[in-house]
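Residue-level structure breakdown
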Amino acid sequence: MSERLPLNSLQKGIYGRLTDAGDGISTDVYDEVPEGTAPPYVEIGSCSVSLELEKISEATTTLHAFSDEAGNKACNDILEASIESLTGSALTLDESFTQALGRLEVAEIFKEYHAEGKLVRYGVLRFRWILSDDA
């Protein structure tokens with residue numbers, strides 16, 4: 001029996017949820033941020049997978065949120081909306097994978113100073129997922 005990685009399925013599920021008209025967030029979401037894009041936006045970052053059992057995978061994914069508004073509130077609001085969107089109910093995955101568990105593992109916010117003197121708030125969320133390969 002071959003093992004399958006849920007990377008594409010998980011990324012599609014996260015993107016689909018965050019951009020869903022009913023359950024998504026109001027901030028633009030990217031897998032790859034187009035050059036010259038100004039904040040606010042969310043970027044889907046790294047993903048790692050550990051195959052725990054024959055049909056069970058444990059995965060972590062990272063989201064990066066950016067805001068150029070003064071203070072932390074705007075970035076915090078993006079982080080909160082992202083958490084609510086991704087943990088409100090199970091993600092819809094394809095390729096015969098299903099989500100057994102999804103939870104927030106880490107949330108952080110930083111100040112990032114750019115060369116032109118602009119201050120950007122930069123938030124990071126890391127989620128842990130338990131996924132089942134139903135194929």
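Residues numbered from 1 in each chain as written. Predicted model: local features only at pLDDT ≥ 70, side-chain atom pairs only at ≥ 80, totals over all residues. Heavy atoms only, no water.

**As for the pattern of salt bridges**
So the rule is basically this: Each salt bridge in this description consists of a side-chain nitrogen of Lys or Arg and a carboxyl oxygen of Asp or Glu lying within 4 Å of one another. Where helices and strands are cited, they refer to DSSP runs of H or I of at least four residues and of E of at least two residues respectively, numbered from the N terminus.
Applying the stated rule across the entire model yields 6 salt bridges. A salt bridge links Asp-94 to Lys-12, with the shortest nitrogen-to-oxygen separation between them at 3.4 Å. Of the two residues, Asp-94 sits in the loop between helix H2 (73-87) and strand S4 (97-113) while Lys-12 sits in helix H1 (residues 7-19), which places them 82 residues apart along the sequence. Within this structure, Glu-58, Glu-105, Arg-126 and Arg-128 form a network of salt bridges that share partners.

**Quick word on the packing of aromatic side chains**
Two aromatic rings, taken as a pair, are described by how far apart their centres are and by the angle between their planes. Operational definition: Note on aromatic pairs: the rings of Phe, Tyr and Trp (six-membered ring only in Trp) are paired at centre separations within 6.5 Å, and the planes decide the class, stacked below 30 degrees, edge-to-face beyond 60, tilted for the rest. Burial classes follow relative accessibility: with a 1.4 Å probe on protein chains only, a residue under 20% of its type's maximum area counts as buried, one over 50% as exposed, and anything between as partly exposed.
One pass over the full model with this rule turns up 5 aromatic pairs. Centroid distance Phe-66 to Tyr-122: 4.8 Å. Interplanar angle 15 degrees. Geometry classified as stacked. Of this pair, Phe-66 sits in strand S3 (residues 56-67) while Tyr-122 sits in strand S5 (residues 119-133), and the two are 56 residues apart along the sequence. Judged by relative accessible area, which is 17%, Tyr-122 ranks as buried. Between Phe-110 and Tyr-122, the aromatic rings sit 5.9 Å apart at their centres with planes inclined by 35 degrees, giving tilted as the arrangement. Pair noted here: Phe-110 is in strand S4 and Tyr-122 is in strand S5, with a separation of 12 residues, a long-range link.

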